[in-house]
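So you can see what is in the structure, the chains are spelled out below.
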Amino acid sequence: MADRKTRAERMARPHIHDVIRAVAEEHGACTRPVQLRKTSLATDEVEQVIIPCGATMASVCIPCAERNKVLRAAQCREGWHLEHEPVLDPDPPDDYMRWLGEKRADLQADRDHGEASGDDMSELDELISTVDDELRHLGVRGNLSNGSRRQAKMRRKRSTRRCQDTPDLPRRRIITRTVGRTYTSRDGKVFRPSMFLTVTCNSYGKVNIDGTPVDAESYDYRRAVRDALHFPALFDRLIQNLRRFAGYDLQYFATIEPQRRLAPHAHMAIRGTIPRADLRRVVAATYHQVWWPRTDDVRFTSDRLPVWHEATGLYLNPETGELLPTWDEALDAIGLDDTPLHVARLGSKFDAQGVLAGSKDTSRCIGYLTKYLVKDIGACHEPETDAQRKHVGRLVEALRFEPCSPTCANWLRYGINPKNPREGLIPGACKGKAHRPDHLGYAGRRVLVSRKWSGKTLADHRGDRKAWLMATLGLSATEDTRTYRWERVTPDDPDYLPPPRRLVRIVAERIRWKQALDEARRRAQGSTVELSATGRAA
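An account of the accompanying structure is given in this report. (Residues numbered from 1 in each chain as written. Predicted model: local features only at pLDDT ≥ 70, side-chain atom pairs only at ≥ 80, totals over all residues. Heavy atoms only, no water.)

## Points about the overall build of the protein chain
Moving on, step 1. For the protein chain, the count of helices and strands is 13 helices and 13 strands.
Moving on, step 2. With the C-alpha coordinates aligned to their principal axes, the bounding extent of the protein chain is approximately 90 × 85 × 70 Å.
Moving on, step 3. Looking at the 538 residues of the protein chain, the share that counts as buried comes to 37%.
Moving on, step 4. Within the protein chain, residue pairs in contact and separated by at least 24 positions form 75% of the contacts whose partners lie at least 6 positions apart.
Moving on, step 5. Summing over all exposed atoms, the protein chain offers an accessible surface of approximately 33100 Å²; the carbon and sulfur share of this is 51%.
Moving on, step 6. The distance from the centre of the 89 positive side-chain charges to the centre of the 74 negative ones in the protein chain is 8 Å. (Helix = DSSP H or I, 4+ residues; strand = E, 2+ residues; numbered from the N terminus. Buried < 20%, exposed > 50% of the residue type's maximum accessible area, 1.4 Å probe, protein only. Contact = heavy atoms within 4.5 Å. Areas by Shrake-Rupley, 256 points an atom, 1.4 Å probe, with all protein chains shown as cover. Lys, Arg positive; Asp, Glu negative; His and termini not counted. Charge placed at Lys NZ, Arg CZ, Asp CG, Glu CD.)

Dropping the structure here:
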């Protein structure tokens, strides 16, 4: 009886799942591994493969999120201080690709001729699909249309006249260079500095040091949530203005995170430098107009909602039976003398710092850029006081009925059918990412990278790390993926492994990989020491 434990004492003991999870996090192994079935198409040999989940948020998987953070830091560092233009020229097509291109052109010509004659095109469509699939397997980018003639969609035009209260910006001819200018000091040393820039939204009212408003009644929550919803478009306009004003193809690596007042702001690593006076002019002249229908008049409430009409695929007024105007009709109703629903602007304050390659500031700024990438927007600043929790609640409530996109269900509240409507839409219950409390209105990408930043995609950087690891271990990194069939194993399959067993397997594999890598490093260091000793003896 002396060994008998109470329930409280037993519950205080760690669970086996918690022990394995702690070991996985200690060794950097994924805590939510995925099971795949790898089947050889030649021999039908089946192999069970456990891979990381690849999550980017620490709330889902800390090791995978940290690996993604390190990968983003490497991507930022590689492209920030380039001395030469990144090589982006595609490889020339080989003879087989050219032959397939000729066949594709002949098939398309036959299809166009047969379509004009009213013939059956099913056989030609199948041949065209086969050629397109082969080109895709060869790594050819892009695709051609299947030959069906589609009516060109008329583009809705708006006035390009700038806002009268916004200063004009001179437009310079943009040259093709992407690297920054060089500066020569008095002693003849050449520098090529870059910039670290931070921009934010405008003010919505005075705030305390903890980010909460001084006067919640006068704080403009509607404008705050609209700026958050349209911040991605405002950021795109900022980059467009910077390129037009600076006169070169400006490249950037940017991350989006909230301030303490929970308004989004952007940190940018910019290749090259721009004078602060010019930055001030560009920031003041940057805005984004939202030409959406007005939302001042609430037509329907929760106790009286529009009714779905199956025959037309639209919603109608339950009292009059009339169909609500479609999204395109609502946009067409916006007249030339009407004003935009919202005009998003940047705040007048910004921070710009010059950064030199190889300096301590480079590592510090990269760490600042990637600091919050493992957290959701709403988790970057956890509310600690009642005032902060109320501030978050008021933001979420302001977002509840604010339309987040043309397809948002909230348009029904204002008597408009959303774009591509479907049955079951309820105003105030939109499933869009922007309405979730962990996003606080911002539904765009957290990391924004220009196309010519490093000449590589994130997958390319991940491939470089894998190639280095395989080369260090002396293994081959090349494998023809077309000789295997990959399938995700589901709980209904007989070879399904439960999560604890998958976790144990990936922890064991991770430990073996780390031991093999440490041994390879020791061998490499020993070879370097021997070569140095031989050189000194010679």
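## Regarding the sheet that holds strand S6 (residues 252-258)
Backbone-to-backbone hydrogen bonds pair the strands of a sheet. The strands run either parallel or antiparallel.
Moving on, step 1. Strand order in the open sheet formed by six strands is S8-S11-S5-S7-S6-S12, with antiparallel pairing between adjacent strands. The strands lining the two open edges of the sheet, one partner per strand, are strand S8 (287-290) and strand S12 (447-449). Each adjacent strand pair in this sheet contributes to an overall mean axis angle of 20 degrees, direction not counted.
Moving on, step 2. The sheet contact formed by S6 and strand S7 (residues 264-270) spans seven bridges and is antiparallel. Of the residues in S7, the one forming a bridge with Ile-256 is Ala-266.
Moving on, step 3. On the sheet, helix H8 (residues 276-284) packs against strand S5 (194-201) and strand S11 (342-355) and is oriented at approximately 165 degrees with respect to S11. (Pairing = 2+ DSSP bridges. Axes fitted to C-alpha atoms, helices over the stretch in contact; angles between N-to-C directions.)

## Focus on the nonpolar core
Moving on, step 1. Core analysis: the biggest nonpolar cluster contains 56 residues, and Val-199 and Met-268 have the highest contact counts within it.
Moving on, step 2. With seven residues, the single largest contributor to this core is helix H7 (residues 231-246).
Moving on, step 3. In contact with Val-199, other than residues within four places in its own chain, are Leu-238, His-265, Ala-266, Met-268, Val-283, Leu-346 and Phe-350.
Moving on, step 4. With 13 residues, the next largest nonpolar core counts Cys-76, Ala-269, Leu-369 and Leu-373 among its residues. (Core = buried A, V, L, I, M, F, W, Y, C linked by side-chain atoms within 4.5 Å.)

## Observations regarding the environment of Leu-356
Moving on, step 1. Relative to the assigned elements, Leu-356 resides in the loop between S11 and helix H10 (360-369).
Moving on, step 2. Through-space distance from the C-alpha of Leu-356 to that of Leu-503 is 43 Å; in sequence the pair is 147 residues apart.
Moving on, step 3. Not counting chain neighbours up to four residues away, the residues in contact with Leu-356 comprise His-81, Phe-191, Pro-193 and Thr-362.

## As for the pattern of salt bridges
Two side chains carrying opposite charge are able to pair once their charged atoms lie near each other.
Moving on, step 1. Evaluated as defined, the whole model comprises 22 salt bridges.
Moving on, step 2. The partner of Glu-319 in a salt bridge is Arg-304, with the nearest N and O atoms 3.3 Å apart. Of the two residues, Glu-319 sits in the loop between strand S10 (314-316) and helix H9 (327-332) while Arg-304 sits in the loop between S8 and strand S9 (307-309), which places them 15 residues apart along the sequence.
Moving on, step 3. For Asp-464, the salt bridge identified is with Lys-456, shortest N-O distance 2.7 Å.
Moving on, step 4. On the accessibility criterion, Asp-464 (37% relative accessible area) is partly exposed.
Moving on, step 5. Take Lys-456: its relative accessible area is 31%, and that puts it in the partly exposed class.
Moving on, step 6. In this structure, a network of salt bridges that share partners links the residues Arg-37, Arg-485, Glu-487, Asp-493 and Asp-495. (Salt bridge = Lys/Arg side-chain N within 4 Å of Asp/Glu carboxyl O.)

## Some details on a negative patch on the surface
Moving on, step 1. A grouping of Glu-102, Asp-106, Asp-110 and Asp-112 is seen on the molecular surface, where their side chains present a negatively charged patch.
Moving on, step 2. With respect to the secondary-structure elements, Glu-102 resides in helix H4 (residues 95-117). (Patch = residues over 30% accessible without salt bridge, like charges linked within 9 Å, V, L, I, M, F, W, Y side chains within 5 Å.)

## A short note on the packing of aromatic side chains
Moving on, step 1. According to the stated counting rule, one finds eleven aromatic pairs in the structure shown.
Moving on, step 2. Ring centres of Phe-231 and Tyr-442 lie 6.4 Å apart, and the angle between their planes is 70 degrees; this geometry places the pair in the edge-to-face category. With Phe-231 in helix H7 and Tyr-442 in the loop between helix H11 (386-400) and S12, the pair connects residues that are 211 residues apart, well separated along the chain. Grouping residues by exposure puts Phe-231 and Tyr-442 together as buried.
Moving on, step 3. Here the aromatic residues Tyr-204, Tyr-219 and Tyr-221 are joined through ring pairs into a cluster of three or more.
Moving on, step 4. The lysine or arginine in question, Arg-177, covers the ring of Tyr-248, its NZ or CZ lying 4.4 Å from the ring centre.
Moving on, step 5. Sitting above the plane of the Trp-453 ring, Arg-271 keeps its charged end 5.3 Å from the centroid. (Phe/Tyr/Trp six-rings, centres within 6.5 Å; stacked < 30°, edge-to-face > 60°. Lys NZ or Arg CZ within 6 Å of the ring centre and 35° of its normal.)

## Quick look at unusual backbone geometry
Moving on, step 1. A positive phi angle, near 60 degrees, is found at Asp-44, a position not held by glycine.
Moving on, step 2. The topology assignment puts Asp-44 in the loop between strand S1 (34-40) and strand S2 (46-51).

## Some remarks on the side chain of His-267
Moving on, step 1. Inspection of the secondary structure puts His-267 in strand S7.
Moving on, step 2. For His-267, a relative accessible area of 2% translates into the label buried.
Moving on, step 3. A polar atom in the side chain of His-267 sits 3.2 Å from the side chain of Glu-257.
Moving on, step 4. Once residues within four sequence positions are removed from consideration, His-267 is found in contact with Phe-196, Leu-197, Thr-198, Phe-253, Ala-254, Thr-255, Glu-257, Tyr-368 and Leu-369. (Polar contact = N/O pair within 3.5 Å; in protein donor to acceptor, adjacent residues only side chain to side chain.)

## Describing the sheet that holds strand S13 (residues 484-488)
Moving on, step 1. The strand order across the open sheet built from three strands is S2-S1-S13, with neighbouring strands paired in antiparallel fashion. Each edge of the open sheet carries a strand with a single partner, namely S2 and S13. Between one strand axis and the next, the sheet turns by 30 degrees as a mean value, whatever way the strands run.
Moving on, step 2. Inspection of the sheet shows S1 paired to S2 by six bridges, in the antiparallel sense. Opposite Thr-39, over in S2, you have Val-46 as the bridge partner.

## Some thoughts on the side chain of Thr-31
Moving on, step 1. Looking at the element boundaries, Thr-31 is found in the loop between helix H2 (16-27) and S1.
Moving on, step 2. Classification of Thr-31 by relative accessible area gives buried; the value is 7%.
Moving on, step 3. Other than its neighbours up to four places away in sequence, Thr-31 contacts Arg-21, Ala-24, Glu-25, Val-60, Cys-61, Pro-63 and Leu-503.

## Remarks on the packing of H7 against H8
Moving on, step 1. Orientation of H7 relative to H8, taken along the N-to-C sense of each, is 135 degrees, at an axis distance of 10 Å. Classified by the angle between their axes, H7 and H8 sit oblique to one another. Here H7 and H8 pass one another in a crossing that is right-handed. Two secondary-structure elements touch here, H7 through Leu-238, Asn-241, Leu-242 and Phe-245 and H8 through Asp-278, Leu-279, Arg-281 and Val-282.
Moving on, step 2. Counted by class, the contact of H7 with H8 contains five nonpolar, one polar and two charged residues. (Parallel < 35°, antiparallel > 145°, perpendicular 65-115°, else oblique. Left-handed = near helix turned anticlockwise from the far one by under 90°. Nonpolar A, V, L, I, M, F, W, Y, C, P; charged D, E, K, R; others polar.)

Everything listed here is a matter of geometry and, on its own, says nothing about what the molecule does.
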